[in-house]
Amino acid sequence: MLLKAIRADITTLAVDAIVNAANTSLLGGGGVDGAIHRAAGPGLLQECREWGGCPTGEARMTKGYRLPARFVIHAVGPVWRGGTHGEPELLASCYRRCMELATEHKLRSIAFPCISTGVYGYPIEAAAEIAIGTVRAAAGGGVQEATFCCFSAGDLAAYLRLLNKIA
Ligand code: AR6
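Worth saying up front: this structure is predicted, and the values here are computed from it rather than measured.

Rules and cut-offs
- Residues numbered from 1 in each chain as written.
- Predicted model: local features only at pLDDT ≥ 70, side-chain atom pairs only at ≥ 80, totals over all residues.
- Heavy atoms only, no water.
- Near = heavy atom within 4 Å.
- Polar contact = N/O pair within 3.5 Å; in protein donor to acceptor, adjacent residues only side chain to side chain.
- Areas by Shrake-Rupley, 256 points an atom, 1.4 Å probe, with all protein chains shown as cover.
- Helix = DSSP H or I, 4+ residues; strand = E, 2+ residues; numbered from the N terminus.
- Nonpolar A, V, L, I, M, F, W, Y, C, P; charged D, E, K, R; others polar.
- Contact = heavy atoms within 4.5 Å.
- Axes fitted to C-alpha atoms, helices over the stretch in contact; angles between N-to-C directions.
- Salt bridge = Lys/Arg side-chain N within 4 Å of Asp/Glu carboxyl O.
- Pairing = 2+ DSSP bridges.

A. Local environment of the site of the ligand. Taken together, 21 residues lie around the ligand, and Asn23, Gly30, Asp33, Ser116 and Gly118 are the ones closest in. At a separation of 2.9 Å, a nitrogen atom of the ligand approaches a polar backbone atom of Ile10. Relative to its unbound accessible area of 690 Å², the ligand is 89% covered by the protein chains. With four residues, helix 1 (residues 31-40) is the largest single contributor of residues to the shell around the ligand. Along the lines of polarity and charge, the residues of the shell around the ligand split into 10 nonpolar, eight polar and three charged.

What follows is the structure in structure tokens.
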């Protein structure tokens, strides 16, 4: 499996699935969630409503509607509360569930935003380490390419540092 980090708007990526950093309502919000709903159009919200929410650490898949991506996997990351409230386990669970869903649906490419590191306040370095480690551990399930889609230059630098260290 190829792991890469890029700086981009995730709504522009033509991969099998993009991951959304959602909240437990799955009814949209700000940040990447807002951008994905705006770009996908109203069909996405309608399908999200049918799920009736999603617990933290879990993920739900919908179609991509007007996005270039075929599917959206909505993952709910933890709110950072100092790191001793199960945040690392919950964040890892998000990435693992996304990879499991992608594998179940025979998807070959997936792109992740930096889940929990915006409004939810998770420190980027710690989050990136979990993201890379968890996705790498899911290799062999059929996903050929996983992209870490960073929005800022600083986030991308953190990912590149870690990817180069492990490689
Ligand atoms: N493409 C890629 N990354 C983006 C984009 C984009 N178009 N827009 C923002 N980011 P956040 P969270 C980055 O706050 O911390 C929402 O209201 C952003 O710079 O979107 O998991 C939800 O509804 C940051 O690096 O998600 C929840 O209530 C990363 O995406 C809550 O925010 C995640 O930041 C979730 O908070």
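B. Spotlight on the side chain of Arg97. Its location among the elements puts Arg97 in helix 3 (residues 87-104). Other than its neighbours up to four places away in sequence, Arg97 contacts Gly57, Glu58 and Ala59.

C. Region of the structure containing the packing of helix 1 against helix 2 (residues 42-51). Where helix 1 contacts helix 2, the two axes come as close as 6 Å, and the packing angle between them is 115 degrees. Taking contact as the criterion, the partners of Ile36, His37 and Ala40 in helix 1 are, on helix 2, Pro42, Leu44, Leu45 and Cys48.

D. The arrangement of the pattern of salt bridges in detail. Enumeration according to the criterion identifies six salt bridges in this entry. The shortest N-O distance in the salt bridge between Lys4 and Glu145 comes to 3.6 Å. Here Lys4, found in strand 1 (residues 2-7), pairs with Glu145, found in strand 6 (residues 145-150); they are 141 residues apart in sequence, far enough to count as distant. Of the charged contacts in the structure, one is a salt bridge between Glu100 and Arg97, with a shortest N-O distance of 2.5 Å. With Glu100 and Arg97 both in helix 3 and three residues apart, the pair spans about one turn of that helix.

E. The sheet that holds strand 1, seen in detail. Within the open sheet, the six strands sit side by side as 1-6-5-2-4-3. Their pairing is mixed. Lying at the two open borders of the sheet, with one neighbouring strand each, are strand 1 and strand 3 (59-63). Across this sheet, the average inter-strand angle for adjacent strands is 25 degrees, counted without regard to direction. Pairing geometry for strand 2 (residues 17-22) and strand 4 (residues 71-76), over six bridges, is parallel.

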